[in-house]
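Architecture and fold: a report
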Amino acid sequence: MSTTVFSQARIVDPSRGIDEVGTVIVEGRKIVAAGKAALNQGAAQDATVIDCAGKAIIPGLIDARVFIGEPGGEHRETIASASVAAAAGGVTSIVMMPDTDPVIDNVALVEFVLRTAKDTAVVNIFPAAAITKGLEGREMTEFGLLREAGAIAFTDGRHTISSALVMRRALTYARDFGGVIAHETQDADLASSGVMNEGLYASWLGLAGIPREAESIPLERDLALARLTGGAYHAAKISTAMAANAVTRAKADGANVTAGVSIHNLSLNENDVGEYRTFFRLTPPLRAEEDRRAMIEAVKGGTIDIIVSSHDPQDVDTKRLPFADAAAGAIGLETLLGAALRLYHNGDLTLLRLVETLSTAPARLFGLPGGTLKPGAVADLALVDLDEPWIVSESGIRSRSKNTCFEGARLQGKVLQTMVAGRTVFSA
Amino acid sequence: MTDASSLPLYPHRHLLGIRDLSPADIELLLDRADRSVAISRQSEKKASTLRGRTQINLFYEASTRTQSSFELAGKRLGADVMNMSVASSSVKKGETLIDTAMTLNAMHPDILIIRHQSAGAAALLAQKVGCSVINAGDGAHEHPTQALLDALTIRRARGPLSKLIVAICGDILHSRVARSNIMLLNALGAQVRVVAPSTLLPAGIEKMGVIVTRSMAEGLKDADVVMMLRLQRERMEGAFVPSVREYFHYFGLDAEKLKAAKDGALVMHPGPMNRGVEIASEIADGPQSVIQEQVEMGVAVRMAVMEALLDPRRNYEGRTLEGRGA
């Protein structure tokens, strides 16, 4: 059994509330020690010892919202290519969205994903299954059988379920099988042909706007249904203060509710759209600066539980178009940590809180292994130089699609090594 | 008439929107257009300033008026004009705008005129081709030559635009004409008012440098110019306004409502008109209407813009092969 000793590292483990200099020892697949106490702990003679002075060890990131093109859109991204991108970004687990072709709405597809992941992926891939067949918002999928096959949650991906009745039944039925219902809310009628945040900026560009209420109205409905049913509901990608307030109230009422935010809505605002830059066409849209600030406050205050990349690879055929005709979405696995660390470097969030939202909280929320450096836990971790500056360049992107919002961005904080179950899957 | 070489050089390679223009740029184009009017009024309507140049009209939206105006402008200047009819081209077969642009670019045109249903399409095209691009309307974004021809019409009838009161009435929300006009009129110091039902106003309109009102009487009060906008059919029946009848009642320009404006105020419309919807026939055909002049000025402005963009004094260093994107 091989042993790796990361000595003198800044250990950031939100699962134990630890942020201290110490040593992490990995034996085989597991962490056997992590903390100050392990500083002088001996290790096997053949152990690989890595001096990590000035570097940090964090539990590997768990990205709970990742769109992958396999099956059906392999030219955009495969499970293998997404996993390589993830590893480079310090992401050790991916929750994969069911928006594939065919849709992950039956047991065979879940098995396909898990099998493909086992054969080709270097990080953990956890499929989320569709709530409704074909993502059509009508008939429920087989929650029980899908859970048994390995689906870790239910979501209609990019789609919003318009029927309150379907949502009520899904929340009620999923409760019996312990499945979280994760939902992106955007009212199709209100959003209409909208392609960016509604406001002056969109008006000058001549682009149809998406009002904030398009997000919060279906969300308020869902939250009411979560209260009614007691089902576990996750507001997958919120972008407005209005939505955050709704989640805060639902939590205060004791509803079984959590929320996530895309890193884009924490890092960027509507002005970044510039002159019709289609890589910045996202769902939910980039909002005003006040909304971005409100999202940061919501992460800080605990209303928002997790941060996701919302990695959504799109090729030139769907992005090199006029803004309104382009597909929404941007990749983000490789830049998730770097972009999130901006919030740490500029003092918005502590490192502990940041890592909690990127790793510990998603593990807890979706019942996944990882998210911790506790002795005995599986060794999913990342060694990070928190301060190293780098510039995102298209040529360095490992993802099969290059539609990043951070092209040319200066980020601070680079992943040096990523380990999944004790195996090094990336090293810089 | 002054010689073209005495006019200042126009500093831009494309005309994508009024937003990119300084007041001086606008005045320069209007001055040039004044000269072009004369050419169109001669019996020999032919100049040779664009002889040997190739102009391609790429119209993704049907537009008899604008397309023929650009075609005529190019022909009067001696250019070879090609109309790409989208209905019968590979665009129908799913070719993207960029791929079409690259194909056309390989034919070495000197100027591309594009009309497209999506905002930003002209700017996207301009990034990918080596020639000059004129935006002939992109979605609800801009329609710069319309704003210029409106300004020329006003200037020839009323002199400098500064201090004039211009009321723009109707479907501001979906109108590229309104956006370009708001910017141009503000740049030249006019006071701009917009009059529309709230469902047809874009978000943030009050921050667009205009006075907003829902009343024609208020909006037209002492106005020097009344610009009416077309209301698309699909927006009339309950989607944005309840009915044609109600819309005309409150926002249609008739003799009664026009009385609020200054005596002899100019009445304008970018066309095509919906008579009895946004404008009464008696007004459209009446003595205050300059709608026909607008059409004439349209040709002049487009001639002026093309001449300015393809000014022979321009340094063509910018048109390198790499810019043409092979």
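The numbers attached to residues start from 1 for each chain and follow its sequence in the written order. Each chain gets a letter, beginning with A, and each ligand a number, beginning with 1, in the order they are written. At least 70 in pLDDT is required for a residue's local features to be given in this predicted model, at least 80 for side-chain atom pairs to be given and counted, and no such filter applies to totals for whole chains, interfaces and linings, which use all residues. To get the side-chain values, all heavy atoms of the structure are used, and hydrogens and water are removed first.

The subject of this paragraph is the UniProt feature "binding site: carbamoyl phosphate" (unreviewed entry) in chain B. All names here are of chain B. Within this structure's numbering, the places UniProt gives as "binding site: carbamoyl phosphate" (unreviewed entry) are Arg65, Thr66, Arg115, His143, Gln146, Gly271 and Pro272. What makes arginine 65 partly exposed here is its relative accessible area of 36%. When near neighbours in sequence (up to four residues on either side) are disregarded, arginine 65 contacts Pro270, Gly271, Pro272 and Val295. Following the sequence through the fold, proline 272 ends up in the loop between strand E9 (266–268) and helix H10 (281–284). The classification of residues rests on relative accessible area computed with a 1.4 Å probe and restricted to protein chains. Under 20% of the type maximum is buried, over 50% is exposed, and intermediate values are partly exposed. Classification of proline 272 by relative accessible area gives partly exposed; the value is 45%. In what follows, residue pairs with any heavy atoms lying within 4.5 Å of each other are defined as contacts. If we ignore the near neighbours within four places in the chain, the residues touching proline 272 are Arg65, Arg230 and Glu278. UniProt positions are given in the numbering used here, feature names are shortened, and annotations may be inferred rather than shown by experiment. Secondary structure counts use DSSP, requiring at least four H or I residues in a row for a helix and at least two E residues in a row for a strand, with both numbered from the N terminus.

The next thing to look at is the pairing of strand E3 (residues 111–116) of chain B. Residues and elements named next belong to chain B. Burial of E3 is extensive: six of the six residues sit out of reach of the surface. Burial along E3 is two-sided: Ile111, Ile113 and Arg115 and Leu112, Ile114 and His116, pointing in opposite directions, are all buried. One ladder, built from five bridges, connects strand E1 (residues 54–59) with E3; its direction is parallel. Looking across to E3, one finds that glutamine 55 is bridged to isoleucine 111. A pair of strands counts as paired when DSSP detects no fewer than two bridges linking them.

The next subject is the side chain of aspartate 150 of chain B. Residue and element names in this part refer to chain B. On the secondary structure map, aspartate 150 appears in helix H5 (residues 144–158). Summary of buried charges: aspartate 150 has no salt-bridge partner, and the nearest side chain of opposite charge, arginine 302, is 8.2 Å away. Polar contact is the term for a pair of N or O atoms within 3.5 Å; when the atoms are in protein, one must be able to donate a hydrogen and the other to accept it, and sequence-neighboring residues count only if both atoms are side-chain atoms. A distance of 2.8 Å separates a polar atom in the side chain of aspartate 150 from a polar atom in the side chain of asparagine 181. What aspartate 150 contacts, discounting residues up to four positions off in sequence, is Val177, Asn181, Met227, Met268 and Gln294. Positive charges are assigned to Lys and Arg, negative charges to Asp and Glu, while His and the chain termini are left out of the count. Each reported salt bridge corresponds to a side-chain nitrogen of Lys or Arg within 4 Å of a carboxyl oxygen of Asp or Glu.

Let's shift gears to the sheet that holds strand E13 (residues 233–235) of chain A. All names here are of chain A. Ordered by their spatial adjacency, five strands build an open sheet running E9-E10-E13-E14-E15, and the pairing between neighbours is parallel. With partners counted over all chains shown, the strands left at the sheet margins are strand E9 (154–155) and strand E15 (306–308), one partner each. Pairing of strand E10 (residues 181–183) with E13 involves three bridges; the strand directions are parallel. When the bridges of E13 are listed, alanine 182 appears paired with histidine 234. Lines fitted to the C-alpha atoms define the axes, with helices restricted to the stretch that makes contact. Angles between their N-to-C directions range from 0 to 180 degrees. In the packing of helix H13 (residues 351–366) onto the sheet, the strands contacted are E13, strand E14 (257–262) and E15, and the crossing angle to E15 comes to about 100°.

To continue, consider the UniProt feature "binding site: L-aspartate" (unreviewed entry) in chain B. Residues and elements named next belong to chain B. As annotated by UniProt and renumbered to match this structure, "binding site: L-aspartate" (unreviewed entry) occupies Lys93, Arg176 and Arg230. For arginine 230, a relative accessible area of 26% translates into the label partly exposed. Reaching out from arginine 230, the side chain makes a polar contact with the backbone oxygen of proline 272 at a distance of 2.9 Å.

All right, on to the packing of helix H1 (residues 23–41) of chain B against H5 of chain B then. All names here are of chain B. Remark: H1 packs on H5, axes separated minimally by 10 Å, with the N-to-C direction vectors making an angle of 75°. Judged by the inter-axis angle, H1 sits roughly perpendicular to H5. In this structure, H1 uses Ile26, Glu27, Leu29, Leu30, Asp31, Ala33, Asp34, Val37 and Arg41 to contact H5, whose residues at the interface are Leu148, Ala151, Leu152, Arg155 and Arg156. Think of it as three bins: nonpolar holds Ala, Val, Leu, Ile, Met, Phe, Trp, Tyr, Cys and Pro, charged holds Asp, Glu, Lys and Arg, and polar takes everything else, Gly as well. Its residues placed into classes, the contact of H1 with H5 shows eight nonpolar, no polar and six charged. Orientation categories follow fixed angle ranges, with anything under 35 degrees roughly parallel, anything over 145 roughly antiparallel, 65 to 115 roughly perpendicular, and all other angles oblique.

Contacts between chain B and chain A engage 23 residues on the former and 14 residues on the latter. Summed over the shared surface of chain B and chain A, the number is one salt bridge. The salt bridge partner of aspartate 99 of chain B is arginine 320 of chain A, with a shortest N-O separation of 3.8 Å. In this structure, the connection of chain B to chain A is made through four residue pairs in polar contact (both at pLDDT 80 or more).

With that settled, consider the sheet that holds strand E7 (residues 91–96) of chain A. Residues and elements named next belong to chain A. Spatially, the three strands line up as an open sheet ordered E6-E7-E8, and their pairing is parallel. Because the sheet does not close on itself, it has two edges, and the strands there are strand E6 (61–66) and strand E8 (124–127). Sheet twist, expressed as the average angle between the axes of neighbouring strands with direction ignored, equals 20°. As paired elements, E7 and E8 share four bridges and run parallel to each other. Its bridge partner being in E8, methionine 96 is matched across the sheet by proline 127. Sitting on the sheet, helix H2 (residues 107–120) touches E7 and E8, and the angle it makes with E8 is about 175°.

Before going further, it helps to examine the side chain of aspartate 105 of chain A. Following the sequence through the fold, aspartate 105 of chain A ends up in the loop between E7 and H2. For aspartate 105 of chain A, the residues in contact, after removing those within four places along its chain, are Ala130, Thr132, Lys133, Gly134, Thr141 and Leu146 of chain A.

All names here are of chain B. With respect to burial, E1 is a largely interior element, five of its six residues being buried. In terms of strand pairing, E1 meets strand E2 (residues 80–85) through six bridges, oriented parallel. Paired with asparagine 57 across the bridge in E2 is asparagine 83. Orienting the strands away from the viewer, one traces the path from the first strand over the helix to the second; a clockwise path indicates a right-handed crossover. Read from E1 through helix H2 (residues 64–76) to E2, the crossover connection turns out right-handed.

Here the focus is unusual backbone geometry. The peptide bond linking aspartate 101 of chain A to proline 102 of chain A adopts the cis configuration, its omega dihedral lying at 5°. Structurally, the position occupied by proline 102 of chain A is in the loop between E7 and H2. With an omega of -10°, the peptide bond running from glycine 271 of chain B to proline 272 of chain B counts as cis. You will see that glutamine 8 of chain A, though not glycine, has its phi angle at about 60°, which is positive.

Here we take up the UniProt feature "domain: Dihydroorotase catalytic" (unreviewed entry) in chain A. Per the UniProt annotation, the sites labelled "domain: Dihydroorotase catalytic" (unreviewed entry) are residues 54–240 of chain A. Counted over residues 54–240 of chain A, helix gives 39% and strand 17%. Its end C-alpha atoms are 37 Å apart.

Attention now goes to the pattern of salt bridges. All names here are of chain B. On inspection of all chains with the given rule, the structure shows 35 salt bridges over all chains. Salt-bridge contacts for arginine 32 lead to glutamate 307; the nearest nitrogen and oxygen are separated by 3.9 Å. Separated by 275 residues along the polypeptide, arginine 32 in helix H1 and glutamate 307 in helix H11 (residues 291–309) bring together distant segments of the chain. In this structure arginine 32 comes out as buried when scored by relative accessible area, which is 3%. One salt-bridge network, held together by shared partners, links Glu27, Asp31, Asp34, Arg155 and Arg156.

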